[in-house]
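# What the coordinates show
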Amino acid sequence: IFGIGDKGNVRQMIKHASRHTLFVPGDGATKKSIVHVDLVARACVAALDRDTTGAFVVANREAPSVGDLADLIAKRVGRRRPPRVPNWLLLGAASATDRLMNAARMKPLGARALVQKSQIPTVCNVSRIEKELGIDCSVDLDAVLREEIEWMRRERQIS
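Just so you know, the residues in each chain are numbered from 1, in the order the chain's sequence is written. Local features in this predicted model are restricted to residues of pLDDT 70 or higher, and side-chain atom pairs are both shown and tallied only at a pLDDT of 80 or more, whereas totals for entire chains, interfaces and linings draw on every residue. Note that the side-chain values use all heavy atoms of the structure and ignore hydrogens as well as water.

## Details of the packing of helix α1 (residues 9–18) against helix α7 (residues 141–154)
A pair of packed helices can be characterised by two numbers: the angle between their axes and the separation between those axes. The line we're drawing: Note on geometry: axes are lines fitted to C-alpha atoms, helical ones only across the stretch in contact, with angles between N-to-C directions running from 0 to 180 degrees. The numbering of helices and of strands both runs from the N terminus, where a helix is a DSSP run of H or I of at least 4 residues and a strand a run of E of at least 2. Two helices cross in a left-handed way if the nearer one is turned anticlockwise from the farther one by less than a right angle. They cross in a right-handed way if the turn is clockwise. Should any heavy atoms of two residues lie within 4.5 Å, those residues are considered in contact. When residue character is reported, Ala, Val, Leu, Ile, Met, Phe, Trp, Tyr, Cys and Pro are called nonpolar, Asp, Glu, Lys and Arg charged, and the others, Gly included, polar.
Between α1 and α7, whose axes approach to 11 Å, the crossing angle comes to 65 degrees. Where α1 crosses over α7, the handedness of that crossing is right-handed. Residues V10, R11, I14 and K15 of α1 form the contact with α7, whose own contacting residues are L145, E148, I149 and M152. A per-class count over the contact of α1 with α7 returns 5 nonpolar, no polar and 3 charged.

Below, the structure is given as structure tokens:
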């Protein structure tokens, strides 16, 4: 879930983009579903209004690729397109990091698993919630990112 005040991955991407430290794992083609907080709120209200039971998947209808999301964020914070880092390089660095932490008797981060996870598409189907609750899961990603970035600037979380 992302939006003003979130503490998740999108906010971290915005912070890294503003510091020129954002990079994209692999070619950036992996798609990941995300959901804006306003859509979650609309879904909750719709579920209460319809007295619905059961579980629903709530996500923005369009799942951006990691690369497209990173590029849009970088553009909105006025930075260059984030570099793509080859998987083999990320996996090697992650394995080395985990081995070093293990050798130092520190709990490994599981960095290799995180790199592997970043390459697995996670795309949610929202057709059921749109049909049964009558909500539109379309989100103007550019507009909501602009809003969040402006808020982060006002809060001096980014420059």
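From this point, the discussion proceeds with the structure in view.
## Here's the deal with helix α3 (residues 66–76)
Under the convention used in this document: Any residue under 20% of the maximum accessible area for its type is buried, any over 50% is exposed, and the rest in between are partly exposed; the area is computed with a 1.4 Å probe on protein chains only.
Those residues of α3 not exposed but buried are V66, G67, L69, A70, L72, I73 and A74. For α3, the secondary structure elements touched by its buried residues are α1, β1 (24–25), β2 (84–85) and α7. Positive phi shows up at G78, right after α3, with a value of about 80 degrees.

## Digging into unusual backbone geometry
At R105, a residue that is not glycine, the phi angle is positive and equals roughly 60 degrees. For R105, the location among the structural elements is in the loop between α4 (87–103) and α5 (111–118). One non-glycine residue, R156, adopts positive backbone phi at about 60 degrees. Counting through the fold element by element, R156 comes out in the segment after α7.

## Some remarks on the nonpolar core
It is characteristic of soluble globular proteins that their nonpolar side chains tend to be buried jointly. Put simply, the rule reads: Residues grouped as a nonpolar core are buried Ala, Val, Leu, Ile, Met, Phe, Trp, Tyr and Cys residues, joined through side-chain atoms within 4.5 Å.
In terms of nonpolar packing, the biggest core is built from 21 residues, with F2, V10, I14, L69, I73, L141 and L145 touching the most fellow members. Contributing elements (two or more residues each) for this core: α1, α3 and α7. Apart from the residues within four sequence positions on either side, V10 is in contact with F2, L69, I73, L145 and E148. If you look at the next biggest cluster of nonpolar residues, it comprises 10 residues, including V35, L39, I135 and C137.

## Remarks on the environment of G67
Mapped onto the secondary structure, G67 falls in helix α3. Residue G67 is classed as buried on the basis of its relative accessible area of 1%. Placed 10 residues apart in sequence, G67 and V77 show a C-alpha to C-alpha distance of 15 Å. Residues in contact with G67, not counting those within four places in the same chain, are V24, G28 and R84.

## Some details on the packing of aromatic side chains
Rule in force here: Pairing of aromatic side chains requires ring centres within 6.5 Å, counting the rings of Phe and Tyr and the six-membered ring of Trp. Pairs whose planes differ by under 30 degrees are stacked, by over 60 edge-to-face, and all others tilted. The criterion for a charge sitting over a ring is simple: Lys NZ or Arg CZ within 6 Å of the ring centre, and within 35 degrees of the ring normal.
Applying the stated criterion to the full structure yields 0 aromatic pairs. Sitting above the plane of the F56 ring, R128 keeps its charged end 4.1 Å from the centroid.

## Looking at the pattern of salt bridges
Put simply, the test is: Any carboxyl oxygen of Asp or Glu that lies within 4 Å of a side-chain nitrogen of Lys or Arg is treated as forming a salt bridge with it.
In the structure shown here, the tally under the stated rule is 7 salt bridges. Among the salt bridges present, the one from R128 reaches E132, with a minimum N-O distance of 3.0 Å. Of this pair, R128 and E132 are both found in helix α6 (residues 127–133), 4 residues apart, which corresponds to roughly one turn of the helix. According to the relative accessible area criterion, R128 is partly exposed, its value standing at 38%. On the accessibility criterion, E132 (38% relative accessible area) is partly exposed. Of the charged contacts in the structure, one is a salt bridge between R146 and D142, with a shortest N-O distance of 3.1 Å. A residue pair is termed a helical-turn pair when its members lie 3 or 4 positions apart in one helix, as R146 and D142 do in helix α7 at 4 residues. Overall, the relative accessible area of 21% leaves D142 in the partly exposed class.

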